[in-house]
Amino acid sequence: MDHKRQEKLRLLVSKLNKERKKQAKKIDILCNDLIAAQRYFIEKLKTISFTANFYEAIVGTTDLSSLFYTAGKLIKEEIPDANIAFFLRQQDNFELHLFESDHPITLEKQRPENCFTSEWVDNICKTNKICTLDDMFAMGLQGNLIGLNKISAVTIPLGQFGPSLGFILIYRSSQNKLTPDELNNISAVTRGLSRAIQARQVLLHSAD
């Protein structure tokens, strides 16, 4: 009889241990989910804060030069050591507005923005999506490949639907690659920035 009781007790303890392990796994999964959700929430708050500050800053600009200077400064604060160039699509050409890092990247022969042609700018605008260096090479980017391989670069479209009115070129050393969070924050303000650019262009043309 004692032996049977001991066996039942052993089975009961074994069952309890299994249940504890299952509960522990469920708790671990729940904790990990909560941590992930908290991180996501914090990143969203950062994006909202950056977007609000960005829009507040560009509201006071009155022309394209001051708009691009302000936007470039804010983007650079968000993405340290980045070089920034704004490309605006024109009928047969494009406008280039630069905002450089305090520590510009020196390439052996040429800088990324110097590799762009009117046709290539037009093609990037038509894609209306974030393009990496690999995407750019696939579309026919020509230039000093050795130098370009030393940087992390993307283009972010200025527009939401259909061909964009231009794009932002952002790049820095490949030793400090651009991160998804950084690019998401910049993408969050491009719609408002695009509208601001269009408004300044209308004012410019009406003044002419």
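See the structure above.
These notes cover the structure that comes with them. The shown structure was predicted, so the numbers you read here are calculated from the model rather than taken from an experiment. (Residues numbered from 1 in each chain as written. Predicted model: local features only at pLDDT ≥ 70, side-chain atom pairs only at ≥ 80, totals over all residues. Heavy atoms only, no water.)

1. Some thoughts on the packing of aromatic side chains
The cut-off we apply is this: The pairing test for Phe, Tyr and Trp rings, Trp by its six-membered ring, is centres within 6.5 Å, and the orientation test on the planes gives stacked under 30 degrees, edge-to-face over 60, and tilted for anything in between. Each residue gets one of three labels from its accessible area relative to the maximum for its type: buried under 20%, exposed over 50%, partly exposed in between, using a 1.4 Å probe on protein chains only.
Within this structure, the stated rule accounts for eight aromatic pairs. Ring geometry for Phe 54 and Tyr 55: centres 6.1 Å apart, planes at 70°, overall edge-to-face. Using a relative accessible area of 0% as the deciding quantity, one classes Phe 54 as buried. With relative accessibility at 28%, the residue Tyr 55 sits in the partly exposed group.

2. Section: the pattern of salt bridges
Between side chains of opposite charge, a pair can form as their charged atoms come close. Formally: We define a salt bridge as a side-chain nitrogen of Lys or Arg found within 4 Å of a carboxyl oxygen belonging to Asp or Glu. Numbered from the N terminus, helices here are DSSP runs of H or I no shorter than four residues, and strands are runs of E no shorter than two.
Scanning all chains against the criterion turns up three salt bridges. A salt bridge links Asp 122 to Lys 126, with the shortest nitrogen-to-oxygen separation between them at 3.2 Å. Residue Asp 122 and its partner Lys 126 are located together in helix H3 (residues 118-127), separated by four residues, close to a single helical turn. Residue Arg 172 is joined to Glu 182 by a salt bridge in which the shortest nitrogen-to-oxygen separation is 2.8 Å. One end of the pair, Arg 172, is in strand S5 (residues 166-173); the other, Glu 182, is in helix H6 (residues 180-187), and ten residues separate them in sequence. Its relative accessible area of 13% is what places Glu 182 among the buried residues.

3. A few points about helix H2 (residues 64-78)
Note the cut-off: A helix's residues, less one, multiplied by 1.5 Å, set its expected span. For the purposes of these results, a polar contact is taken to be a pair of N or O atoms within 3.5 Å, where, inside protein, one atom must be able to donate a hydrogen and its partner to accept one; residues adjacent in sequence count only when each atom of the pair is a side-chain atom.
Between its first and last C-alpha, H2 extends 21 Å over 15 residues, near the 21 Å set by a 1.5 Å rise per residue. Every buried residue of H2 is listed here: Leu 64, Leu 67, Phe 68, Thr 70, Ala 71, Gly 72, Leu 74, Ile 75 and Lys 76. Of the residues flanking the start of H2, the one acting as N-cap is Asp 63, its side-chain oxygen 3.1 Å from the backbone nitrogen of Ser 65.

4. With respect to a positive patch on the surface
We apply this condition: Each patch groups residues whose relative accessible area exceeds 30% and which form no salt bridge, using 9 Å between like charges and 5 Å between nonpolar side chains of Val, Leu, Ile, Met, Phe, Trp and Tyr. Surface exposure here means Shrake-Rupley accessible area, sampled with a 1.4 Å probe, where a residue is shielded only by the protein chains that are shown. Charge counting treats Lys and Arg as positive and Asp and Glu as negative, with His and both chain ends excluded. Lysine's charge is taken at NZ, arginine's at CZ, aspartate's at CG and glutamate's at CD.
Together, Lys 18, Lys 21, Lys 22, Lys 25 and Lys 26 make up a positively charged patch on the protein surface. Tracing the sequence through the fold places Lys 21 in helix H1 (residues 2-59).

5. Brief notes about the pairing of S5
For the record, the criterion: Only strands joined by at least two bridges in the DSSP assignment are considered to pair.
Judged by how many residues are buried, S5 sits mostly within the fold: seven of eight residues are covered. Of the pairings in the sheet, the one linking strand S1 (residues 83-89) to S5 comprises six bridges and is antiparallel in character. For Phe 86, the partnering residue across the bridge sits in S5 and is Ile 168. Inspection of the sheet shows strand S4 (residues 151-157) paired to S5 by seven bridges, in the antiparallel sense. Bridged to Ala 153 within S5 is Tyr 171.

6. Concerning the sheet that holds S5
The condition is simple: Only heavy atoms enter the contact rule, under which two residues are in contact if any of them lie within 4.5 Å. The angle between two axes is taken between their N-to-C directions and runs from 0 to 180 degrees, where each axis is a line fitted to C-alpha atoms and a helix contributes only its stretch in contact.
Ordered in space as S2-S1-S5-S4-S3, the five strands form an open sheet in which the pairing is antiparallel. Only two strands of the sheet have a single neighbouring strand rather than two, namely strand S2 (94-99) and strand S3 (131-132). The pairing of S3 with S4 spans two bridges and is antiparallel. Bridge pairing in S4 places Thr 132 opposite Val 154. Those strands touched by H2 are S1, S2 and S5, and its axis lies near 140° from that of S1. The strands touched by H6 within the sheet are S4 and S5, with S4 carrying the most contacts at an inclination of about 25°.

7. Details of the environment of Ser 152
In this fold, Ser 152 is placed in strand S4. For Ser 152, a relative accessible area of 13% corresponds to the buried category. Sequence separation of Ser 152 and Ala 82 is 70 residues, and the distance between their C-alpha atoms is 9.6 Å. Not counting residues within four places of it along the chain, the set of residues in contact with Ser 152 comprises Ile 170, Tyr 171, Arg 172, Ser 173, Ser 174, Lys 177 and Leu 178.

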